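# Chains, contacts and geometry: an overview
Listed here are the chains, written in short residue letters.
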Amino acid sequence: MTIAGTVVVVVVALLISLAYGQDTNFKRVSLTDLDPQATCNDGSPATYFFRPSTTGSTVWTVYHEGGGFCYDIPSCEQRWNQSQWFMTSTLLPDVMNDTTNWIDHLGINSADPVSNPHFYDANQVYLWYCTSDVHAGDSVLGKWVFNGKRVVQTLINHLLHVQSPSMSSATYILYTGLSAGALGLWQNADMAAEMISIGAPKAVFRAYPDSGWLMDVPTYGTGNNDTRAQWQSLHTNMGLIYDEDCEKAHIASQDVWKCGFASVIYPYITTPLFVAGLQYDIPFLNGVPITDTKDLLVLREKFLNETSVVQTFFSPDCWQHGVIAYNDRWNVITVQNTTAAEAVYNWLSTESPSPSRHVDS
């Protein structure tokens, strides 16, 4: 976009916002009003933040926050001591906006037409992650409650039947998440799509998991597979509820836990997917030091081999974690002269999009 074009976008956005009102704050919404069991780990109300469109748009973005997970009592106690905000809603403000540190670093959640030119005026939903179970748990472990699956179900119901404006009148819904939010997206996309097909039958519903391509690989230099061991503990202790089709296919062989790994679950998801993954995704490097070029390239090659089946894909050759939630990446990093923001918008707004792979070589 040219400088002149950018100025035009900003001016038009401001004029439209004046017509509809200028409140660009995210406002806190409790989900326990609809379902008392939709709670965080500590029993406080599960929460999302909502910013309605200032232009009357019928486009919605529904974002699942990331933030890792815990998998047993010691790791959950450690999480509580170090990252309490991922286990409770009691620390959250009632209002957030583009200058508030709580909302990651914005990206698709921004109301700025320069940083987020295609979705700045969407009805924006930010699901706060406080269940520590990749948005898919259904269990109690010690003093902690893991209700991630229920929280997602309640969120969709609230957006369709309680929130005003209602998502029931949406024309386009981009269902997305980063990191642990993307891990949850694998498990919840088809469930959400079914709910949307009933509650918002005119909506185009598509999913964009960002940086959630978890691989089943050994930990560097140890001979152990810590990722697999932690996921198996998460699966057992937090009672994960997976994508229904993947779960059914693996029940007989008693390895349903494998549905947590992207290469296993990807073929079962029927919701249209646009997958994003950075080739040197820092949390998924499994301890490989940046000085070990050989092993890094081996891990990158495995990632590119696994994702070769992905029809619509955005994969820059970067040392980062996530694209969608950052102003300095979402509409900045390019692959084949296209940003993720542009590629996702074109894919979402095209009735029958062709496969499109933007992959750095």
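Everything below is about the structure printed above this text.
Within the protein chain, the secondary structure is distributed over 10 helices and 16 strands. Against the 2.2 N^0.38 benchmark of 21 Å for 361 residues, the protein chain shows a C-alpha radius of gyration of 20 Å, consistent with a compact globule. Over its C-alpha atoms, taken along the principal directions, the protein chain stretches across nearly 60 × 50 × 35 Å. Residue burial in the protein chain is summarised as follows: out of 361 residues, 55% are buried. In the form shown here, the protein chain has an accessible surface area of approximately 15,000 Å², with 52% of it arising from carbon and sulfur atoms. Positive and negative charge centroids in the protein chain, built from 17 and 34 side chains respectively, lie 2 Å apart.

Of all the 6 residues making up strand S3 (residues 59-64), 6 are buried; the element is thus mostly covered by neighbouring parts of the structure. With burial as the criterion, each face of S3 is covered, one bearing Val59, Thr61 and Tyr63 and the other bearing Trp60, Val62 and His64. Judged from the 6 bridges that link them, S3 and strand S8 (residues 172-178) form a sheet pairing that is parallel. Looking across to S8, one finds that Val62 is bridged to Tyr175. Taken together, the 5 bridges between S3 and strand S5 (residues 123-127) define a ladder with parallel strand orientation. Of the residues in S5, the one forming a bridge with His64 is Leu127.

Its location among the elements puts Thr227 in helix H5 (residues 226-237). You can call Thr227 buried: its relative accessible area is 16%. When sequence neighbours within four positions are dropped, the list of residues in contact with Thr227 reads Leu214, Met215, Val217, Thr219, Phe261 and Asn286.

Applying the stated criterion across every chain, the model contains 3 disulfides. What pairs with Cys70 in a disulfide is Cys76, and their sulfur atoms sit 2.1 Å apart. Taking the sign of the S-S torsion, about 85° here, the bridge from Cys70 to Cys76 comes out right-handed. This pair shows no difference in class: Cys70 is buried, exactly as Cys76 is. The disulfide bridge from Cys246 ends at Cys259, spanning 2.1 Å between sulfur atoms. Around the S-S axis, the bridge from Cys246 to Cys259 shows a dihedral of about -100° and counts as left-handed. With Cys246 in helix H6 (residues 244-251) and Cys259 in the loop between H6 and helix H7 (262-265), the pair connects residues that are 13 residues apart, well separated along the chain. Of the two residues, Cys246 and Cys259, neither departs from the other in class, the shared state being buried. Cysteines bonded in the protein chain are numbered consecutively along the chain; their disulfide partners then correspond to 1-4, 2-3, 5-6.

With that out of the way, let us pick up the environment of Phe49. Mapped onto the fold, Phe49 is located in strand S2 (residues 47-51). When the C-alpha atoms of Phe49 and Phe26 are compared, they prove to be 5.4 Å apart, with 23 residues separating the residues in sequence. Ignoring sequence-local partners within four residues, the contact set of Phe49 consists of Phe26, Lys27, Arg28, Leu92, Pro93, Asp94, Met96, Gln124, Val125, Tyr126 and Trp128.

A few words now on helix H8 (residues 293-306). Here H8 spans 20 Å end to end across 14 residues, near enough to the 20 Å set by a 1.5 Å rise per residue. All buried positions along H8 are accounted for by Leu296, Leu299, Arg300, Phe303, Leu304 and Glu306. Along H8, the residues classed as buried sweep out an arc of 165° about the axis, all on the same side. Each element contacted by the buried residues of H8 is listed here: H7, strand S11 (280-281), strand S12 (312-315), strand S13 (319-320) and strand S16 (356-359).

Time to look at unusual backbone geometry. Here the bond from Ser164 into Pro165 is cis, since omega is 0°, no more than 30 degrees from zero. By the element assignment, Pro165 lies in the loop between helix H3 (148-161) and S8. Of note, Gln254 is a non-glycine position whose phi angle comes to about 55°, a positive value. Tracing the backbone through its elements, the reader meets Gln254 in the loop between H6 and H7. With relative accessibility at 71%, the residue Gln254 sits in the exposed group.

Taken as a whole and judged by the stated rule, the model has 8 salt bridges. Residue Asp98 pairs with Arg51 through a salt bridge whose shortest N-O separation is 3.0 Å. Taken together, the positions of Asp98 in the loop between strand S4 (95-96) and S5 and Arg51 in strand S2 put the pair 47 residues apart, joining distant regions of the chain. Note that Lys248 and Glu244 form a salt bridge whose closest N and O atoms lie 3.2 Å from each other.

Attention now goes to the packing of aromatic side chains. Per the stated rule, a full pass over the model turns up 21 aromatic pairs. Geometrically, the ring pair formed by Phe303 and Phe313 is tilted, given 6.1 Å between the ring centres and 50° between the ring planes. In this pair, Phe303 sits in helix H8 while Phe313 sits in strand S12, placing the two residues 10 residues apart along the sequence. The residues Phe303 and Phe313 share a single accessibility class, namely buried. Taken together, the ring pairs connect Phe119, Tyr208, Phe274, Trp330, Tyr345 and Trp347 into an aromatic cluster.

Quick notes on the rules
Just so you know, the residues in each chain are numbered from 1, in the order the chain's sequence is written. It should be noted that, the model being predicted, local features are given only for residues of pLDDT at least 70 and side-chain atom pairs only at 80 or more, the latter also being counted only at that level, while totals for whole chains, interfaces and linings use all residues. Water and hydrogen atoms play no part in the side-chain values, which are based on all heavy atoms of the structure. Every helix listed is a DSSP run of H or I at least four residues long, and every strand listed is a run of E at least two residues long, numbered separately from the N terminus. We take the radius of gyration over the C-alpha atoms and set the globule estimate at 2.2 Å times the residue count to the 0.38 power. Partly exposed describes any residue whose relative accessible area lies between the buried limit of under 20% and the exposed limit of over 50%, with all areas from a 1.4 Å probe on protein chains only and scaled to the type maximum. Calculation of accessible area relied on Shrake-Rupley with a 1.4 Å probe; when residues are assessed, cover is drawn exclusively from the protein chains displayed. Positive charge is attributed to Lys and Arg, negative charge to Asp and Glu, and no charge count is given to His or to the chain ends. Taken as the charge location is NZ of Lys, CZ of Arg, CG of Asp or CD of Glu. The pairing criterion is simple: DSSP has to find at least two bridges between the two strands. Two residues form a contact once any of their heavy atoms are found within 4.5 Å. For the purposes of this analysis, a disulfide is any pair of cysteine sulfur atoms at a distance within 2.5 Å. Expected helix span is taken as 1.5 Å per residue step, with the number of steps being one fewer than the number of residues. This arc is built from the directions going out from the helix axis to the C-beta atoms. The rule for a salt bridge is simple: a side-chain nitrogen of Lys or Arg has to be within 4 Å of a carboxyl oxygen of Asp or Glu. Two aromatic rings, drawn from Phe, Tyr or Trp (for Trp, its six-membered ring), form a pair once their centres lie within 6.5 Å of each other, and the interplanar angle then sorts them: stacked below 30 degrees, edge-to-face above 60, tilted otherwise.

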